[in-house]
Amino acid sequence: MDFMTDRDVQTYVDDGYVVLDGLLTSQECDELRQRMTEIVDQMDVPEHCRTTFSTYHDEQLKTQGNADYFITSGDKIRFFFEKGVFDDKAEFIVPKQRSLNKVGHAVELYLSLYIYGIAKKLGLANPVILQSMYIFKQPGIGGEVTPHQDATFLYTEPLGRVMGMWIALEDATVNNGCLWFIPGSHNSCISRRMVRTPKGTYPLTDFIGKEQAYDEEKFIAAPVKKGGVVLIHGQVVHRSAENNSEDSRHVYTFHIMESQDTCWSPDNWLQPTEELPFPLLYTK
């Protein structure tokens, strides 16, 4: 289906991201949110698996990096929480629906036919789905996502084979934590990688290199209307601020990789399994 124009393609090529309106209808967005509400209502996470999610370097190593619950989540639906939602006994001190940072990393909710059209328009020959997530950005407590490049975590050889699709299920605004980008930064290489450490060692993941310091003035906000999608090149630098507003910012997002002539790094934290190899985007 023809959803993406030639001008949109050129914007993606030049800037490393593009915002497209109207991928989903308002009703489709509401249905996805309701499905996630049902999943969360049935959530049963053991106390020792109640992991907070952070994008700060040291906290990533301390929480996700030490958590088997995180590193084995690639083919499962698992729950990751905001800071400050548990007491010292790991009991909830906020309602479950308001406690979550995200659910990942195999959250198969919906793929619009437009998604296939976008991939075709960009010339992808054999794309596969690497991971999928539902991100909540809770009102008042939704945490900051620090500047990063997705290829830090989803590394390929050659680079430039990974793209994120970030679907707004509610309006994403400057007030509730929309994405911010440095246009053109996808033309630079990555400065750090998250890798698995050898078996039997801790933490379970570590970083090679360090994230660069970025000029805040170079970031440009990318607000999105409900139902819109942001296409994100794997090397473009992006971030989002804390959500200090009274409005949530629910998003369904996933990453795809052009698998033709591409090597997925065996050092990446995310690895396909026998139960769930990376599924093909094109099923026909």
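Residues numbered from 1 in each chain as written. Predicted model: local features only at pLDDT ≥ 70, side-chain atom pairs only at ≥ 80, totals over all residues. Heavy atoms only, no water.

- As recorded in an unreviewed UniProt entry, the protein chain goes by the name Phytanoyl-CoA dioxygenase domain-containing protein 1, listed as coming from Seriola dumerili.
- Note on the protein chain: under the UniProt heading Cofactor (unreviewed entry), the record states "Fe cation".
- Regarding the protein chain, the UniProt comment filed under Sequence similarities (unreviewed entry) reads as follows: "Belongs to the PhyH family. PHYHD1 subfamily." (UniProt positions renumbered as here; feature names shortened; annotations may be inferred.)

Things to note about the packing of aromatic side chains
Line of reasoning, step 1. Evaluation of the coordinates by the stated rule reveals 13 aromatic pairs.
Line of reasoning, step 2. Taken together, a centroid distance of 6.4 Å and an interplanar angle of 85° make the contact between tyrosine 214 and phenylalanine 219 edge-to-face. Grouping residues by exposure puts tyrosine 214 and phenylalanine 219 together as buried.
Line of reasoning, step 3. Every member of this aromatic cluster is reached through a ring pair, and the members are Tyr69, Phe70, Phe80 and Trp269.
Line of reasoning, step 4. Over the face of the ring belonging to phenylalanine 80 we find lysine 102, whose NZ or CZ atom lies 5.8 Å from the ring centre.
Line of reasoning, step 5. One residue, arginine 239, lies across the ring of tryptophan 180, its end atom 4.9 Å from the ring centre. (Phe/Tyr/Trp six-rings, centres within 6.5 Å; stacked < 30°, edge-to-face > 60°. Buried < 20%, exposed > 50% of the residue type's maximum accessible area, 1.4 Å probe, protein only. Lys NZ or Arg CZ within 6 Å of the ring centre and 35° of its normal.)

Regarding the pairing of strand E15 (residues 251-258)
Line of reasoning, step 1. Of all eight residues making up E15, eight are buried, and the element is well covered by its neighbours.
Line of reasoning, step 2. Here E15 shows two buried faces, one formed by Val251, Thr253, His255 and Met257 and the other by Tyr252, Phe254, Ile256 and Glu258.
Line of reasoning, step 3. Where strand E5 (residues 127-135) lies against E15, eight bridges are found, and the strand directions are antiparallel. Paired with proline 127 across the strands is glutamate 258, a residue of E15.
Line of reasoning, step 4. Two elements, strand E8 (residues 162-168) and E15, share seven bridges in a ladder whose sense is antiparallel. By the bridge assignment for E15, isoleucine 167 is matched with tyrosine 252. (Helix = DSSP H or I, 4+ residues; strand = E, 2+ residues; numbered from the N terminus. Pairing = 2+ DSSP bridges.)

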